[in-house]
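Here is what each chain is made of, one letter per residue.
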Amino acid sequence: MNELKNLPSVDRLLSEAALQSLVAEHGRTFVTDAVRAELTLVREAVKGGAALPSDDAIAAAVAQRVAAHMRPRLQPVFNLTGTVLHTNLGRAVLPESVVEAIARAARAPCALEYDLESGGRGDRDDVVEDLLRELTGAEAATVVNNNAAAVFLLLNTLAQKKEVVVSRGELVEIGGAFRVPDIMRRAGSRLVEVGTTNRSHLRDFDEAVNAKTGLVMKVHTSNYAVQGFTAAVPEGELAALAHARGVPFVVDLGSGTLVDLAQWGLPHEPTPRESIDAGADLVTFSGDKLLGGPQAGLLVGRRELIAKIKKNPLKRALRVGKLTLAALEATLTLYRDPERLPQRLEALRLLTRPEGEIHAQAERLLPVWQSALAQWPLDASIEATLSQIGSGSLPVDRLPSVALVARPRGKRAGVLHKLEAALRRLPMPVIGHIAADALRLDLRCLRPEDEAAFADRLGGLK
Ligand SMILES: *Cc1c(COP(=O)(O)O)cnc(C)c1O
């Protein structure tokens, strides 16, 4: 107890050289708070019978505390999960040209809602509307915070207190609580399900449309596939039916890449242009899934419908900021040169990485992986694996890839979770995937330019 009298004062600790330099870097207030918090801990420990640490030891603990508090929560990580567009890891990684556009918009005032021709007030959607029209064939476009917001705004504007006819097979739930029936209810629309889980026919829609119908809607089943005895009505037929009955036909595409991915050996994913060409009046899609840009929800389609949507006061609540618009403009601009997209659009570059290139990378990294695991009861190897595209895109198709693999010797599944946690605690966390009694680090998303840094980090594994 007597030791408590010798507890250093806040001022005495702050005069230590190590803490003086922390004060110079982070400010007196912040460091003083850390000193107080550390002293409280020490006081409790000493009361409990522990020996009083030296001033140096307390100062070192304060320095650790400050460092931990200063580390950004939004930490960059290596996404080696095998899911390229991983929602929990921020979906699409942006190309450098897009990152620069964001920095430019952040650094100086920009003509966000200002018409430089007339000097009058502009509309922030103008930043990307021409590009979206050009790339989708739609008459008009508007942008909100994400696709969930786009769907919500569309329903709330065009079908409040009205019925929305959707196939029962398309009532999707997207990870993170986007569910079509819930969004409908919140938007004030009444969901009318038609057909069955596996089959819907034109006559089902025909019978459901009546005077209370506000919209006929198609939702792209982006994260699952119904296979076997199935039937869905083509968009062109739904559009024709809706128009004959005087209601708009709208499509929630979800992913919405702007080009045919089949040209690079990837599975074909429906594009907004295909829906527009088939007669859709409005199409909604995300900016950060296969499009490869920032988080955003895009609405494209008929001019008068877009105009109505923009007049909804909720548009103001759901609008995007200048950083998003800058990123979106720069991303969409890349689509004007589709031949070079796989080199320039980061998401597509990762999705189209040749298996041979990933394999060569795995062979180079295998010795590093083996030596990192030398002290672990694990066998290190490289194995073929299959990457997923992710973010509710193309659920059935997998891309051949190669992974660094750790398998426990004998029956010791617990060790995999220890390894997974150790990888997560590296200075730049490495996120892998445990399945079938092995931990895999899928190398598809380890960019060649990051390989050396990654190998370096693995060396620090304990
Ligand atoms: C992903 C997705 C959404 C939600 O989009 P967010 O951009 O995540 O808000 C909605 N509908 C479909 C069909 C989707 O695939």
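Quick caveat: nothing in here was measured; it's all calculated off a predicted structure.

Quick notes on the rules
Residues numbered from 1 in each chain as written. Predicted model: local features only at pLDDT ≥ 70, side-chain atom pairs only at ≥ 80, totals over all residues. Heavy atoms only, no water. Axes fitted to C-alpha atoms, helices over the stretch in contact; angles between N-to-C directions. Helix = DSSP H or I, 4+ residues; strand = E, 2+ residues; numbered from the N terminus. Left-handed = near helix turned anticlockwise from the far one by under 90°. Contact = heavy atoms within 4.5 Å. Nonpolar A, V, L, I, M, F, W, Y, C, P; charged D, E, K, R; others polar. Core = buried A, V, L, I, M, F, W, Y, C linked by side-chain atoms within 4.5 Å. Buried < 20%, exposed > 50% of the residue type's maximum accessible area, 1.4 Å probe, protein only. Domains from an automatic or database assignment. Near = heavy atom within 4 Å. Polar contact = N/O pair within 3.5 Å; in protein donor to acceptor, adjacent residues only side chain to side chain. Areas by Shrake-Rupley, 256 points an atom, 1.4 Å probe, with all protein chains shown as cover. Salt bridge = Lys/Arg side-chain N within 4 Å of Asp/Glu carboxyl O. Phe/Tyr/Trp six-rings, centres within 6.5 Å; stacked < 30°, edge-to-face > 60°. Pairing = 2+ DSSP bridges. Arc of directions from axis to C-beta.

**Q** Mind laying out the packing of helix 5 (residues 96-107) against helix 14 (residues 322-334), listing which residues take part and the relevant values?
**A** Remark: helix 5 packs on helix 14, axes separated minimally by 8 Å, with the N-to-C direction vectors making an angle of 145°. Helix 14 is crossed by helix 5, and the crossing has right-handed handedness. Where helix 5 abuts helix 14, its residues Ser97, Val98, Ala101, Ile102, Ala105 and Ala106 lie against Lys322, Leu323, Ala326, Ala327, Ala330, Thr331 and Leu334. Here the contact of helix 5 with helix 14 is composed, by residue class, of 10 nonpolar, two polar and one charged.

**Q** I'd love a proper account of the nonpolar core, names of residues and values included.
**A** Ranked by size, the top nonpolar core spans 55 residues in total, and within it Leu132 and Leu332 carry the most contacts. Looking at this core, you find at least three residues from each of domain 2 (78-88 + 349-459) and domain 3 (96-344). With near-sequence residues (within four places) excluded, Leu132 lies in contact with Gly137, Ala141, Val143, Phe285, Leu298, Val300 and Leu332. Counting residues in each nonpolar core, the second largest holds 31 residues, with Phe152, Leu191, Val219 and Val250 among its members.

**Q** Give a description of the site of the ligand that names residues and reports values.
**A** What surrounds the ligand is the set Arg91, Asn146, Asn147, Ala148, Ile174, Phe178, His220, Ser222, Asp252, Gly254, Ser286 and Lys289. Within the side chain of Arg91, an N or O atom sits 2.9 Å from an oxygen atom of the ligand. A distance of 2.7 Å separates a nitrogen atom of the ligand from a polar atom in the side chain of Asp252. Protein coverage of the free-state accessible area of the ligand, which is 380 Å², stands at 94%.

**Q** So what about the pattern of salt bridges? Which residues, and what values?
**A** Applying the stated rule across the entire model yields 32 salt bridges. The salt bridge partner of Glu134 is Arg336, with a shortest N-O separation of 2.7 Å. Separated by 202 residues along the polypeptide, Glu134 in helix 6 (residues 126-136) and Arg336 in the loop between helix 14 and helix 15 (341-344) bring together distant segments of the chain. Classification of Arg336 as partly exposed rests on a relative accessible area of 49%. Here the salt bridges share partners, and the residues they tie into one network are Glu346, Arg349, Arg447, Glu449 and Asp450.

**Q** Give me the lowdown on the side chain of Thr257, citing residues and values where you can.
**A** Inspection of the secondary structure puts Thr257 in the loop between strand 8 (249-254) and helix 11 (272-277). Within the structure, Thr257 has its side chain in polar contact with the backbone nitrogen of Val259 (distance 3.4 Å).

**Q** Mind laying out the packing of aromatic side chains, listing which residues take part and the relevant values?
**A** Taken as a whole and assessed by the stated rule, the structure comprises one aromatic pair. When the ring of Phe78 is compared with that of Phe454, the centres are 5.3 Å apart and the planes differ by 75°; the resulting orientation is edge-to-face. Taken as a pair, Phe78 in strand 1 (residues 78-79) and Phe454 in helix 19 (residues 451-458) lie far apart in primary sequence, 376 residues in all. This pair shows no difference in class: Phe78 is buried, exactly as Phe454 is.

**Q** Quick rundown of the sheet that holds strand 10 (residues 297-301)? Include the residues and the values.
**A** What the seven strands build is an open sheet, ordered 2-10-9-8-7-3-6; its pairing is mixed. Single-partner strands in this sheet number two, and they are strand 2 (140-144) and strand 6 (190-194). Neighbouring strand axes in the sheet, compared pairwise and without regard to direction, differ in orientation by 25° on average. Here strand 3 (residues 163-167) pairs with strand 6 via five bridges, running parallel. Along strand 6, the bridge assignment pairs Val164 with Leu191. The sheet strands contacting helix 10 (residues 235-244) are strand 7 (213-219) and strand 8, and the helix crosses strand 8 at an angle near 145°.

**Q** Account for helix 10, with residues named and values stated.
**A** For helix 10, the full list of buried residues reads Glu235, Leu238, Ala239, Leu241 and Ala242. Mapping the buried residues of helix 10 onto a view down its axis gives an arc of 165°, with all of them on the same face. Buried positions along helix 10 lie against helix 9 (202-208), strand 7, strand 8 and helix 11. Within two residues after helix 10, Gly246 carries a phi angle of roughly 80°, on the positive side.

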